[in-house]
Amino acid sequence: VITLRTFSCIVLAEYGVESGDSVLSDYNKRLILILNKIDLVPPDIAKAWHKHLSKQFPTVLFKANTQTQRSHLKQCKVDVMAVNYKMFGSSSCLGAPELTKLLVNYTRNKGIRTSIRVGVIGLPNVGKSSLINSLLRSRSCVVGAIPGVTKTVQEVELDKNIKLLDSPGVVLSENVGPLATIQNAVKLDSLEDPMKPIELIMEH
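Residues numbered from 1 in each chain as written. Predicted model: local features only at pLDDT ≥ 70, side-chain atom pairs only at ≥ 80, totals over all residues. Heavy atoms only, no water.

Colleague: Which residues make up the overall build of the chain, and what are the values?
Modeller: For the chain, the count of helices and strands is seven helices and eight strands. A burial count over the chain gives 43% of its 204 residues as buried. Nonlocal contacts in the chain, meaning residues at least 24 apart in sequence, comprise 62% of its contacts between residues at least 6 apart. (Helix = DSSP H or I, 4+ residues; strand = E, 2+ residues; numbered from the N terminus. Buried < 20%, exposed > 50% of the residue type's maximum accessible area, 1.4 Å probe, protein only. Contact = heavy atoms within 4.5 Å.)

Here you go:
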């Protein structure tokens, strides 16, 4: 079973799409869901989630760039909805053109481009900083394979009208448990009982 918690998102923490509307309604914020790390699931599963979630919010399939250089990171221009296993093996970013187009559309107001700030929010270690680096095509944000690499909010400029806010991972208090451990949202050395995550896996 592939759950929504596999993915990262813009402007919504990953504790369930159904809660997103109530969280954001008081702030009049627009929401885009980013299904990141799509190379970790079969393409048909990623596309099925895209079809389902697109009924509620604008949704983009995404795979962050995995190149090691600091600049000139590659972006694949192929429609991300045409993804296949061969494309998953590439180090290039997938989904950047679709996401950028959405953000640019949000800057238009009656034919005039205005400035927007976009918050990138999600569980720890879901690829928020990597997503921003992929859009910028440079390593402006520090990334790592362990939770908690991003310590503070960092603002970076995508273009003169779009600023992106990288933020530390969000873990709600009720989510700190075996499930958060399996999702790699907490550091393993902080576990009090390492058997609980194992038992949760065995139950499924």
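Colleague: Explain unusual backbone geometry to me, using residue names and the numbers behind them.
Modeller: Unlike most non-glycine residues, H72 shows phi in positive territory, near 60 degrees. If you trace the backbone, H72 turns up in the loop between strand 3 (59-61) and helix 3 (85-88). Despite not being glycine, R137 has its phi angle at roughly 65 degrees, a positive value.

Colleague: Just give me the short version of the environment of V83, but keep the residues and values in it.
Modeller: When you line up the elements, V83 lands in the loop between strand 3 and helix 3. Judged by relative accessible area, V83 falls into the buried class, the value being 3%. Ignoring any residue separated from it by four or fewer positions in sequence, one finds V83 in contact with I38, P43, K47, F88 and L94.

Colleague: Could you give an account of the nonpolar core, naming the residues involved and the relevant values?
Modeller: Of all hydrophobic cores here, the largest spans 20 residues; its most connected members are F62, L99 and L164. Formed by 15 residues, the second largest nonpolar core is a distinct cluster that contains L33, L35, L53 and V83. (Core = buried A, V, L, I, M, F, W, Y, C linked by side-chain atoms within 4.5 Å.)

Colleague: Lay out the pairing of strand 6 (residues 116-121) with the relevant residues and their values.
Modeller: In strand 6, alternate side chains face the same way, and those of I116, V118 and V120 are buried while those of R117, G119 and I121 on the opposite face are not. As paired strands, strand 6 and strand 8 (residues 162-166) are joined by five bridges and run parallel to one another. The residue bridging G119 from the neighbouring strand is L165, located in strand 8. (Pairing = 2+ DSSP bridges.)

Colleague: Mind laying out the pattern of salt bridges, listing which residues take part and the relevant values?
Modeller: Where charged atoms from two side chains of opposite charge come close, those side chains can pair. Inspection of the entire model under this criterion finds three salt bridges. Notably, a salt bridge pairs R117 with E155, separated by 2.9 Å at the nearest N-O pair. Of this pair, R117 sits in strand 6 while E155 sits in strand 7 (residues 154-159); the two residues are 38 residues apart in sequence, bridging distant segments of the chain. Look at E155 and you get partly exposed, because its relative accessible area is 38%. Here the salt bridges share partners, and the residues they tie into one network are R117, E155 and K163. (Salt bridge = Lys/Arg side-chain N within 4 Å of Asp/Glu carboxyl O.)

Colleague: How would you sum up the state of the cysteines? Please name residues and give values.
Modeller: Linking two cysteines covalently via their sulfur atoms produces the bond known as a disulfide. The full count for this structure, using the stated rule, is zero disulfides. Counting only cysteine sulfurs, C93 is the nearest neighbor of C76, a cysteine outside any disulfide, at a range of 8.6 Å. (Disulfide = S-S within 2.5 Å.)

Colleague: Give a description of the side chain of K63 that names residues and reports values.
Modeller: When you line up the elements, K63 lands in the loop between strand 3 and helix 3. Of the side chains with opposite charge, D39 lies nearest to the buried K63, which makes no salt bridge, at 5.1 Å. Here S90 takes part through its backbone oxygen, which lies 2.8 Å from a polar atom of the side chain of K63. From its side chain, K63 meets the backbone oxygen of S92 in a polar contact 3.1 Å long. Those residues within four positions of K63 in sequence are excluded, and the remaining contacts are N36, K37, I38, D39, M87, F88, S90, S91, S92, C93 and L94. (Lys, Arg positive; Asp, Glu negative; His and termini not counted. Polar contact = N/O pair within 3.5 Å; in protein donor to acceptor, adjacent residues only side chain to side chain.)

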